[in-house]
Amino acid sequence: MRLIRYRKGEHTGVGALVGECVHDVGDGPLGRRRPGPRVAALDEVELLAPCDPRVIVCAGSNYAGQIAEKQRPWPTQPPLFLKAPNAVVGPGAAVIRPAGLRRLEYEGELAVVIGRTAYGVPAASFADYVLGYTCANDITADDWRADGQWTRAKSADTFCPLGPWIETEIADPASLRLSTLVNGRTVQDGSTAEMVFGVGELLAFVTRWITLQPGDVLLTGSPAGVGPLVPGDRVEVRIEGVGTLSNPVLGPQAPDV
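The present account deals with the structure reproduced in this document. Since this is a predicted model, take the numbers as computed values, not measurements. (Residues numbered from 1 in each chain as written. Predicted model: local features only at pLDDT ≥ 70, side-chain atom pairs only at ≥ 80, totals over all residues. Heavy atoms only, no water.)

What about the pattern of salt bridges?
Applicable threshold: A carboxyl oxygen of Asp or Glu within 4 Å of a side-chain nitrogen of Lys or Arg is what we treat as a salt bridge. Per the convention used, a helix needs a DSSP run of H or I reaching at least four residues, while a strand needs a run of E reaching at least two, with both numbered from the N terminus. Each residue's exposure class comes from its accessible area (1.4 Å probe, protein chains only) as a fraction of the maximum for that residue type: buried when under 20%, exposed when over 50%, partly exposed otherwise.
Applying the stated criterion to the full structure yields 15 salt bridges. Of the charged contacts in the structure, one is a salt bridge between R54 and D216, with a shortest N-O distance of 3.0 Å. Highlighted residues: R54 in the loop between β5 (46-48) and β6 (56-59) and D216 in the loop between α4 (199-206) and β17 (217-219), separated in sequence by 162 residues. When its relative accessible area of 1% is taken as the criterion, D216 is described as buried. With its nearest N and O atoms 2.9 Å apart, the salt bridge here joins D142 to R145. Here the residue D142 and the residue R145 both occupy positions in helix α2 (residues 142-146), the gap between them amounting to three residues, near one helical turn. In this structure, a network of salt bridges that share partners links the residues K83, R102, R103, E105, E107, D138, D142, D143, R145 and K154.

Looking at the sheet that holds strand β20 (residues 243-250)
To keep things clear, this is the line we draw: The rule for pairing is simple: two strands pair if DSSP sees at least two bridges between them.
Reading across the sheet, the five strands line up as β9-β20-β19-β15-β16 and stay open at both edges, with mixed pairing between neighbours. Two strands bound the open sheet, and with one partner strand each, they are β9 (95-96) and β16 (185-191). Strand direction decides the pairing type here: strand β19 (residues 234-239) and β20, joined by six bridges, are antiparallel. For R234, the partnering residue across the bridge sits in β20 and is P248.

Shown next, in the form of structure tokens:
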């Protein structure tokens, strides 16, 4: 099932896609919902980020190709960092390049969406805690990461596009093709089989110390080919069996007064 968050007029809701139609899924835990009455056609609604995470935990240096490309040491445990919830935007929403930034980067990633309270998760049982998977773009301000300002580098507004939906029927996330395109040109082309630490290992490691709740997100790292974005670009993250997340890139926006 493909779960979405959507806006139709002044109404914001949670639904399921059946073909090209949005269906109501009622109340209760997302993982137990089933499609109900038809709400609208897909092209009649605005897709929002498919979840509203309280916590976004990210794994860095988790693809063999990127480790080799960047000449980084092989990790003995997952290097972790956080992105703030304010960074989340949905499919089609603009990624804003901050003023004065030398280099803005894309990082296409598989995102794990948590389906039940997760603490002390056994690696072999990770699927019991996963609602589903979506596409993510770990947008990064390279200048600020280089000068040690990781929070600012990873958590500026619009720096965590998610979508277009949560795919709940991925049986095995360990061998999905993942590609990133900029203006239609493929710039990353890898597979989740290249991950150093798989989803189970990551979830077990994170939940030794951090309790994840339904709707929270785990980003699993990015393959080789990370590169720059400039205003006017359109960046897409495509994951086999999941979908395509597409976002335009805009320049600095004047704050509302």
